[in-house]
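Survey of secondary and tertiary structure
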Amino acid sequence: MSDALWGIKRQKPIRVCAKSQKPPHERASMSNTDIANPTEEHAMLREMVRDWTKEYVEPQAHQHDKEEKFNLPLLRSMGELGLLGISAPEEYGGAGMDAVACTIVHEELSASDPGFTLAYLAHSMLFVNNLAYNGTEEQKQRILPKVCSGEWIGAMAMSEPDAGTDVLGLTTSAVQQDDGTWVLNGRKMWITNGCIDEDGTPADVVWVYARTGEDERGRVQLSTFLVEAGMPGYSVGQKIYDKTGMRASNTAELVFDDCVVPAANLVGEVGGSMRHMMGNLELERLTLAAMSLGIARRSLDEMNRYATDRTSFGSKIRDFGQIQRHIGESFAKYRAMRAYVYDTANNLTIGTAGQRLDSDGVKLFATTAAKEIADAAIQVLGGYGYVGEYHVERLWRDSKLLEIGGGTLESHQKNITRDLFKDGEAINR
Ligand SMILES: Cc1cc2nc3c(=O)[nH]c(=O)nc-3n(C[C@H](O)[C@H](O)[C@H](O)COP(=O)(O)OP(=O)(O)OC[C@H]3O[C@@H](n4cnc5c(N)ncnc54)[C@H](O)[C@@H]3O)c2cc1C
């Protein structure tokens, strides 16, 4: 086992600390046909995260869902493992790993607790990765070590009460003052990690998209700001309760009321949001698909074991053709999901845009497949499948969010059809 990774079998945890991202063409030359574990490093990462999940994530999942509570200490503890900055460069406290590694971590965590995994995704993909690839040098040096260690918890705020899919319809505004500072006004809705506890404590730092005017062609100009806890005018409007699923993650409304943000907290250029937003959305969609894969794998595993244990009419229920249909079709769907998820992951280079066709495609396919497999699992487990102790009803509820968050199914259908209009040859390549 290489020293590069935290070895679960060691006495003392050693951080994930991989080499820099290998470009896809280099990895493709390796003679390894397991696309879910293309290198030894990836296989070790999977083993480590799987073992850690079993020990620390699984035992708390049901209770946190039931109580609608986010396990903040557990998320923070992932900093010691090097997982909070999985894709951030090592020089800022990250692990410098690639899209396949990000996919592995989301899949493994989600097989036990998709709600907790969503909080991890909001922190590590929506905030940390965004900053690592798009922040200024000063921003990266000041903030990345804190979010990679877990000292600070991050969030990303795009959606608003009146604008979700229609990103250019967002109305939160940012106006620059004579002294260079920016004043933000508006509300953000549905923000994962927007508050980090039951007392309404806001996230330590939020990646906020705001409208800063129009360009010379009259198009809406969006700019990105880092809003930090303690900045005047930044607060939590409400923690959103009673969600269908993902109840182990906190979702909040954020309020920016004449919120003063220093000039140094503008990310990139004024009006530059679309450039980095699109690249990061691809990784977000891939990792949401990876979460679906974790849900599917666990659901399949639960239904398969139950079908052996349960007897009815003197036979194991797995001997009944209708149960075989649930198991057989779920297995085939799961394997197809796995192939598409890891094919996309192996071809996605973090920090660049251009993989939208597959990042939309894989999320479109995998999220609904996960929901269907979790549904089949409930059916196979009968009455037991309908109660929390048996996990699959939670996985089913959690899976529904994946058809909405990070882009709705309809937005993926729209994007794919638009991209195939521009480049129909993508089908034949
Ligand atoms: C638990 C949870 C966590 C979330 N976390 C975050 C987060 O951390 N950060 C963040 O910014 N957002 C977050 N979101 C918001 C999420 O990304 C949005 O809910 C999602 O993008 C959809 O936006 P909307 O809810 O405004 O729905 P709308 O955009 O209003 O859509 C409503 C319906 O209309 C359809 N529709 C809209 N436009 C079109 C069109 N052009 N063609 C066809 N159909 C269309 C949609 O597909 C949908 O079916 C979260 C949401 C939830 C529920």
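So, a few notes on the structure that sits alongside this text.

About the criteria used
- Residues numbered from 1 in each chain as written.
- Predicted model: local features only at pLDDT ≥ 70, side-chain atom pairs only at ≥ 80, totals over all residues.
- Heavy atoms only, no water.
- Core = buried A, V, L, I, M, F, W, Y, C linked by side-chain atoms within 4.5 Å.
- Buried < 20%, exposed > 50% of the residue type's maximum accessible area, 1.4 Å probe, protein only.
- Near = heavy atom within 4 Å.
- Polar contact = N/O pair within 3.5 Å; in protein donor to acceptor, adjacent residues only side chain to side chain.
- Areas by Shrake-Rupley, 256 points an atom, 1.4 Å probe, with all protein chains shown as cover.
- Helix = DSSP H or I, 4+ residues; strand = E, 2+ residues; numbered from the N terminus.
- Nonpolar A, V, L, I, M, F, W, Y, C, P; charged D, E, K, R; others polar.
- Patch = residues over 30% accessible without salt bridge, like charges linked within 9 Å, V, L, I, M, F, W, Y side chains within 5 Å.
- Salt bridge = Lys/Arg side-chain N within 4 Å of Asp/Glu carboxyl O.
- Axes fitted to C-alpha atoms, helices over the stretch in contact; angles between N-to-C directions.
- Contact = heavy atoms within 4.5 Å.
- Phe/Tyr/Trp six-rings, centres within 6.5 Å; stacked < 30°, edge-to-face > 60°.
- Disulfide = S-S within 2.5 Å.

A few words now on the nonpolar core. Grouped together as the largest cluster of nonpolar side chains are 95 residues, with contacts concentrated most on Leu 45, Met 78, Leu 83, Ile 86, Tyr 120, Phe 127 and Met 303. Residues Val 206, Ala 210, Ala 252 and Leu 254 belong to the second largest nonpolar core, which totals 22 residues.

Turning to the site of the ligand, a few remarks are in order. In the region of the ligand, 17 residues are neighbours, and Ser 159, Thr 165, Trp 190, Thr 408 and Glu 410 sit closest. Within the backbone of Met 158, a nitrogen or oxygen atom sits 2.8 Å from an oxygen atom of the ligand. Between a nitrogen atom of the ligand and a main-chain N or O atom of Trp 190, the distance comes to 2.7 Å. Starting from 970 Å² of accessible surface for the ligand in isolation, the protein chains cover 64%. At the level of elements, β1 (154-157), β3 (182-192) and α11 (409-422) are the ones that each hand at least two residues to the shell around the ligand. Among the elements that take part in the shell around the ligand, β3 stands out by supplying three residues, more than any other. Here the residues of the shell around the ligand sort into seven nonpolar, eight polar and two charged.

The next point concerns the environment of Pro 73. Relative to the helices and strands, Pro 73 resides in helix α3 (residues 72-77). For Pro 73, a relative accessible area of 59% corresponds to the exposed category. On a C-alpha basis, the gap between Pro 73 and Gly 150 in space is 9.1 Å, while along the polypeptide they are 77 residues apart.

A few words now on a nonpolar patch on the surface. A contiguous nonpolar patch, built from Leu 168, Met 274 and Met 278 and spanning about 220 Å² of accessible area, is present on the exposed surface. For Met 278, the location among the structural elements is in helix α7 (residues 273-309).

The contact between helix α4 (residues 99-110) and helix α8 (residues 321-347) brings their axes to 7 Å, and the two run at 145°. For the pair α4 and α8, the contacting residues are Ala 99, Val 100, Thr 103, Ile 104 and Glu 107 in the first and Val 341, Tyr 342, Ala 345 and Asn 346 in the second. A breakdown of the residues in the contact of α4 with α8 according to their chemical character gives six nonpolar, two polar and one charged.

Two numbers describe a pair of aromatic rings. These are the distance of the centres and the angle of the planes. In total, this model carries six aromatic pairs according to the counting rule given. With a centroid separation of 5.7 Å and an interplanar angle of 40°, the aromatic rings of Trp 52 and Tyr 56 are classed as tilted. On the criterion of helical spacing, the pair formed by Trp 52 and Tyr 56 is a turn pair, its members being four residues apart in helix α2 (residues 40-66). Judged by its relative accessible area of 4%, Trp 52 is buried. Look at Tyr 56 and you get partly exposed, because its relative accessible area is 41%. Among the aromatic residues, those joined into a cluster by ring pairs are Tyr 306, Tyr 384 and Tyr 390.

We note that Trp 190 has phi near 65°; this positive angle belongs to a residue other than glycine. Along the chain, the position of Trp 190 falls in strand β3. Positive phi, normally seen in glycine, also occurs at Asp 242, with a value near 70°.

For the rest of this paragraph, the subject is the state of the cysteines. Applying the stated criterion across every chain, the model contains zero disulfides. Here Cys 102 is not cross-linked by a disulfide; its sulfur's nearest cysteine counterpart is in Cys 148, at 12 Å. Assessed through its relative accessible area of 0%, Cys 102 is described here as buried. The thiol of Cys 259 is unpaired, and the distance to the nearest cysteine sulfur, on Cys 195, comes to 17 Å.

We now examine the side chain of Thr 172. Secondary-structure assignment places Thr 172 in the loop between β1 and β2 (173-176). Separated by 2.7 Å, the side chains of Thr 172 and Glu 160 make a polar contact.

Below, the discussion takes up the pattern of salt bridges. Throughout the structure, instances matching the rule amount to 27 salt bridges. A salt bridge links Arg 187 to Glu 253; the shortest N-O distance between them is 3.1 Å. Here Arg 187 is found in strand β3, whereas its partner Glu 253 is found in strand β7 (residues 251-261), with 66 residues between them in sequence. We classify Arg 187 as partly exposed; its relative accessible area is 42%. Linked through salt bridges whose partners overlap, the residues forming this network are Arg 46, Arg 50, Glu 107, Glu 108 and Arg 297.

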